[in-house]
Every structure is written in structure tokens, then in C-alpha cells.
Amino acid sequence: MHKFSFIRMVLTIGAALFVSGWVYLSHPEWFSNKSTFVLPVAEHRATPDTHVPTAKRVATATPATPRVGMTEHVDDIWVTPYLIEHSQGAHGIVPNIGDEFLVAHLRIVNRSQVDFTVRAAAFQLLDGHGQINPPIQQDFTRQRLREVQLIPGGHTEGTLIFEAPLRDSASTLVYQPDTLDPSKRKIWLTR
């Protein structure tokens, strides 16, 4: 009886290994990293900047990654994070030890021909530790971005609050209204 059980166990393990190998070889995309985010790199200066400004100004190129204050659009929805404030909270709402709140002031304009639903969940903060943070539920600014329906030509303004590591110079604000289509993502450097 023991010999039969041992042979059956070996055949079962062999069949499982064969099926696992077949699945891995026939569908390699199932085992790849599907994350489309890239860990941001903090800019560090080893020496203080001792550059003396001259009277001649050189035009600067548009940055590859937009910064706060620049407008980006997806499907004729124009989003402008016009201010990022650093805060330690108020009214009993405080961040964890070693963290701070980033208060993003946003303006959203619907320039499309159809109604658009504003959702706070479409915004996230990618911090320098590689953590993707949703906006917190509490609001101490009393200007929270409301989830509303914008008709064509409509606009709304409000704030979203994110918790991030203190003095994180590599955080980025991410707007992705369609989670299934990563090409419809816009990011802004928050520093």
C-alpha cells in the first residue's frame, strides 16, 4: 500500500510541475510586472550652488514632467494643480510621525461635448518610497474637491489632501481617470 501511495504522490507532483511549466511558457505576460509606475528619483546637490546670476536670461525649455501650475488635459478634461501646500494638519487631523500632509489645490475644466464626473479617486500621490497614496478622507481645509458632474464648459475647484513622507522631494501627483488605460495618465512634480 505504501509503494502505491508514493508512486501516486510522485506522479501528482510531476503532473503539477508539467502544468505549471506549460502555463508559464504559454502565458509569460501573466508573470511579468504590470506596474506602469516608475520610482521617482530625488535630486540631491552635493555642493551648494555658487552660481552668480548674470543679466542675460536664457529661455528655459518646457520640463519633460510638468510641474505644479501647469495645465494638462485628457479627453478634453483640463486639470491644473495650481498650488501644493505642506501642512501638519488642523482640527485634530494630524499626519503620522515622520509624515506631512500635501494639500493639492486643483481646478478642473470640462472642455468636451459630454458630461464628465469628477472623482477624487482619479488622483493619487506617488512618493519617493514608491508608495501610491490615495487622498485621505478627512479634510481640514473646508475646500475639498467635491465629486460632481460637470456639464460641457463647466468647471470646479477644490483641494485633495495626501499623506507623504516629510520633506519628500521626489513625490508626484498622478491623475488617471481610466485605470484600465495607463496612457491616459498625467503626472506633476510636486516640488
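That block above? That's the structure.
Residues numbered from 1 in each chain as written. Predicted model: local features only at pLDDT ≥ 70, side-chain atom pairs only at ≥ 80, totals over all residues. Heavy atoms only, no water.

A. Inspection of the side chain of Glu 163 at higher detail. By secondary structure assignment, the location of Glu 163 is in strand β8 (residues 155-165). One buried charged residue, Glu 163, remains without a salt bridge, the closest side chain of opposite sign being Arg 144 at 12 Å. A polar side-chain atom of Glu 163 sits 2.7 Å from the main-chain amide nitrogen of Asn 96. When sequence neighbours within four positions are dropped, the list of residues in contact with Glu 163 reads Pro 95, Asn 96, Asp 99, Glu 100, Phe 101, Asn 133 and Ile 136. (Helix = DSSP H or I, 4+ residues; strand = E, 2+ residues; numbered from the N terminus. Buried < 20%, exposed > 50% of the residue type's maximum accessible area, 1.4 Å probe, protein only. Lys, Arg positive; Asp, Glu negative; His and termini not counted. Salt bridge = Lys/Arg side-chain N within 4 Å of Asp/Glu carboxyl O. Polar contact = N/O pair within 3.5 Å; in protein donor to acceptor, adjacent residues only side chain to side chain. Contact = heavy atoms within 4.5 Å.)

B. The arrangement of the sheet that holds strand β1 (residues 72-74) in detail. Judged by pairing direction, the sheet is antiparallel, and its 4 strands sit side by side in the order β1-β2-β3-β8 without closing on themselves. With one partner strand each, in any of the chains shown, β1 and β8 form the two edges of the open sheet. The average undirected angle you get between the axes of adjacent strands in this sheet is 30 degrees. Inspection of the sheet shows strand β2 (residues 77-87) paired to strand β3 (residues 99-110) by 10 bridges, in the antiparallel sense. Paired with Trp 78 across the bridge in β3 is Val 109. (Pairing = 2+ DSSP bridges. Axes fitted to C-alpha atoms, helices over the stretch in contact; angles between N-to-C directions.)

C. Broad picture of the sheet that holds strand β9 (residues 172-175). Strand order in the open sheet formed by 4 strands is β6-β5-β9-β10, and the pairing between neighbours is antiparallel. Each edge of the sheet is formed by a strand with only one pairing partner; in this case those strands are β6 (132-133) and β10 (186-189). Looking at chain direction, β9 and β10 are connected through 4 bridges and run antiparallel. Within β10, the position partnered with Val 174 by the bridge is Ile 187.

D. Structural context of the packing of aromatic side chains. Evaluated as defined, the whole model comprises 2 aromatic pairs. When the ring of Phe 101 is compared with that of Phe 140, the centres are 5.5 Å apart and the planes differ by 45 degrees; the resulting orientation is tilted. Taken together, the residues Phe 101 in strand β3 and Phe 140 in the loop between β6 and β7 (149-150) connect sequence positions 39 residues apart. Comparing Phe 101 with Phe 140 shows no difference in burial state: the two are buried. Ring centres of Phe 123 and Tyr 175 lie 4.8 Å apart, and the angle between their planes is 35 degrees; on these two criteria the pair is classed as tilted. Pair noted here: Phe 123 is in strand β5 (residues 123-126) and Tyr 175 is in strand β9, with a separation of 52 residues, a long-range link. Overall, Phe 123 belongs to the buried group, its relative accessible area being 1%. (Phe/Tyr/Trp six-rings, centres within 6.5 Å; stacked < 30°, edge-to-face > 60°.)

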